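Given next are the chains, with one letter for each unit.
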Amino acid sequence: MEEVRFLTCGDCAVTVAFAQEIREDTNRKIRYLAEKLQKTGIHGLLETVPTYCSLTVYYEPLILSRKKLEHQILHFLASYRENAAGKKRIFQIPVCYEGEFAPDMEDVCRLTGLSREQVVKLHSSVDYLIYMLGFLPGFPYLGGMDPRLEAPRLDNPRTRIPPGAVGIGGKQTGIYPLASPGGWRLIGRTPAMIYDPNRAKPIVYEAGDYIRFCPITVDEFYRLQEGGQTDIREVSL
């Protein structure tokens, strides 16, 4: 079993720290552990928060002792198997990589030495693992981007990025679900509602799911948007 460290986070949380390297197999263990803790119904366990390389577990110390919690965590990890993380769920998200929706495309092409067509092909040819959600509701930190697409963040972040913008920041790619400041280089935009508070489930995907980007034209972008076809479609289980 991979060695883990238990890090104190105040008096009501503990972080289970794995190897400090972004790897899919490590993240799979984190998702497995989070699911086991949530489904077991341990009295006094409040919440689990997965990240790239760790899982923070919140608990009620007057009900559940840290020693007992750590013992349970080690027990689950000892029984982990590589295929225990469940089935693969893929969500398809349409993205327009053209014109005003891709204000940094030219810079990304210059920095990578790739053509626009190559950038689009490489970016949309991968099923990206969602390592974690954060920064904004529904902002997915995605793994698996082709290293040829790596581009540095902007020297001067924008004060406002529109919802649905798709960007590259270093070795990562992601989607801005809401309007916000940001420093990633924008290469596209989706008409899909990444975060919708009026939906039964405001964020349809979770850490451990996959995202597949599907290129669309400007006309298709506006047609989907004006037709109210902004739901995110699950394409595989």
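Counting restarts for each chain, with residues numbered from 1 along the sequence as it is written. Owing to the predicted nature of the model, reporting of local features is limited to residues with pLDDT of at least 70; listing and counting of side-chain atom pairs is limited to 80 or more, with chain, interface and lining totals taken over all residues. The side-chain values count all of the structure's non-hydrogen atoms but skip hydrogen atoms and water molecules.

Draft legend 1. Looking closely at the overall build of the protein chain. The helix and strand inventory of the protein chain stands at five helices and 14 strands. Based on C-alpha atoms, the radius of gyration is set beside the globule rule, defined as 2.2 Å times the residue count to the power 0.38. Against the globule reference of 18 Å for 237 residues, the protein chain gives a C-alpha radius of gyration of 19 Å, in line with a compact fold. With the principal axes as the frame, the protein chain shows a C-alpha extent of 55 × 40 × 35 Å. Long-range contacts, defined as pairs at least 24 residues apart, comprise 64% of the intrachain contacts of the protein chain with a sequence gap of at least 6. Within the structure as shown, the protein chain displays about 12,200 Å² of accessible surface, and the carbon and sulfur contribution to it stands at 50%. His is not counted, nor are the chain ends, whereas Lys and Arg count as positive and Asp and Glu as negative. A charged residue contributes its charge at one atom only: NZ of Lys, CZ of Arg, CG of Asp or CD of Glu. If the 29 positive side-chain charges of the protein chain are averaged to one point and the 29 negative ones to another, these points end up 5 Å apart. Where helices and strands are cited, they refer to DSSP runs of H or I of at least four residues and of E of at least two residues respectively, numbered from the N terminus. Any two residues whose heavy atoms approach within 4.5 Å at even a single point are treated as in contact. For the accessible areas, the method is Shrake-Rupley and the probe is 1.4 Å, while residue cover comes only from the protein chains on display.

Draft legend 2. Focus on the packing of aromatic side chains. Stacked, tilted and edge-to-face pairs are distinguished by plane angle, under 30 degrees for stacked and over 60 for edge-to-face with tilted covering the rest, among Phe, Tyr and Trp rings (Trp via its six-membered ring) whose centres lie within 6.5 Å. Taken as a whole and judged by the stated rule, the model has 14 aromatic pairs. Their ring planes at 75° and their centres at 6.2 Å tell us that Y52 and Y141 sit as a pair that is edge-to-face. Of this pair, Y52 sits in the loop between strand 3 (45–50) and strand 4 (54–59) while Y141 sits in strand 7 (residues 140–143), and the two are 89 residues apart along the sequence. Measuring from ring centre to ring centre gives 5.5 Å for Y128 and F213, while their planes differ by 55°; the resulting arrangement is tilted.

Draft legend 3. Structural context of the nonpolar core. Core analysis: the biggest nonpolar cluster contains 31 residues, and I93, M105, V119, Y205, I211, F213 and I232 have the highest contact counts within it. Think of a nonpolar core as a cluster: buried Ala, Val, Leu, Ile, Met, Phe, Trp, Tyr and Cys residues, connected wherever their side-chain atoms sit within 4.5 Å. Categorising residues by exposure relies on relative accessible area from a 1.4 Å probe, with only protein chains included: less than 20% of the type maximum marks a residue as buried, more than 50% marks it as exposed, and the intermediate range marks it as partly exposed. By size, the runner-up hydrophobic cluster in this structure holds 18 residues, among which are F18, L55, L64 and I73.

Draft legend 4. Molecular detail of a nonpolar patch on the surface. To count toward a patch, a residue needs a relative accessible area above 30% and no salt bridge. Like charges then connect within 9 Å, nonpolar side chains (Val, Leu, Ile, Met, Phe, Trp, Tyr) within 5 Å. Here a salt bridge means any side-chain nitrogen of Lys or Arg lying within 4 Å of a carboxyl oxygen belonging to Asp or Glu. Taken together, the side chains of L46, V49 and Y58 define a hydrophobic patch exposed on the protein surface, amounting to about 260 Å² of accessible area. Within the element layout of this structure, L46 appears in strand 3.

Draft legend 5. Just the environment of A13, in detail. The residue A13 is located in strand 2 (residues 13–17) in this model. Along the primary structure A13 and P61 are separated by 48 residues, whereas in three dimensions their C-alpha atoms are 8.7 Å apart. Those residues in contact with A13 that sit more than four places away from it in its chain are L7, T8, T56, V57, Y58 and Y59.

Draft legend 6. Representation of the sheet that holds strand 1 (residues 5–8) within the structure. In this description, strands pair whenever DSSP reports at least two bridges between them. Spatially, 1-2-4-3 is the arrangement adopted by the four strands of the open sheet, whose pairing is antiparallel. In this open sheet, the two strands that pair with only one neighbour each are strand 1 and strand 3. Taken over all neighbouring pairs, the strand axes of this sheet differ in orientation by 25° on average, direction set aside. Both strand 1 and strand 2 contribute to a ladder of four bridges, which runs antiparallel. Looking at the pairing, R5 lines up with A17 of strand 2. Each axis is a line fitted through C-alpha atoms, and for a helix only the stretch in contact is used; angles between axes span 0 to 180 degrees, taken between their N-to-C directions. Lying over the sheet, helix 1 (residues 24–40) contacts strand 2, strand 3 and strand 4, oriented at roughly 15° with respect to strand 4.

Draft legend 7. Just the side chain of D104, in detail. Relative to the helices and strands, D104 resides in the loop between strand 5 (90–96) and helix 3 (105–112). Of the residues examined, D104 reaches a relative accessible area of 4% and is grouped as buried. Apart from residues lying up to four places away in sequence, D104 is in contact with L154, R158, W184, R185 and L186.

Draft legend 8. Representation of the packing of helix 3 against helix 4 (residues 116–123) in the model. Where helix 3 meets helix 4, the axes come as close as 9 Å, and the angle between the chain directions of the two elements is 90°. In terms of orientation, helix 3 and helix 4 fall into the roughly perpendicular class. Facing helix 3, whose interface residues are M105, V108, C109 and T112, helix 4 presents R116, V119 and V120. By residue class, the composition of the contact of helix 3 with helix 4 is five nonpolar, one polar and one charged. Here the word oblique covers every angle except those under 35 degrees (roughly parallel), over 145 (roughly antiparallel) and from 65 to 115 (roughly perpendicular). Note that Gly is not counted as nonpolar here; it falls among the polar residues with everything else outside the nonpolar set of Ala, Val, Leu, Ile, Met, Phe, Trp, Tyr, Cys and Pro and the charged set of Asp, Glu, Lys and Arg.

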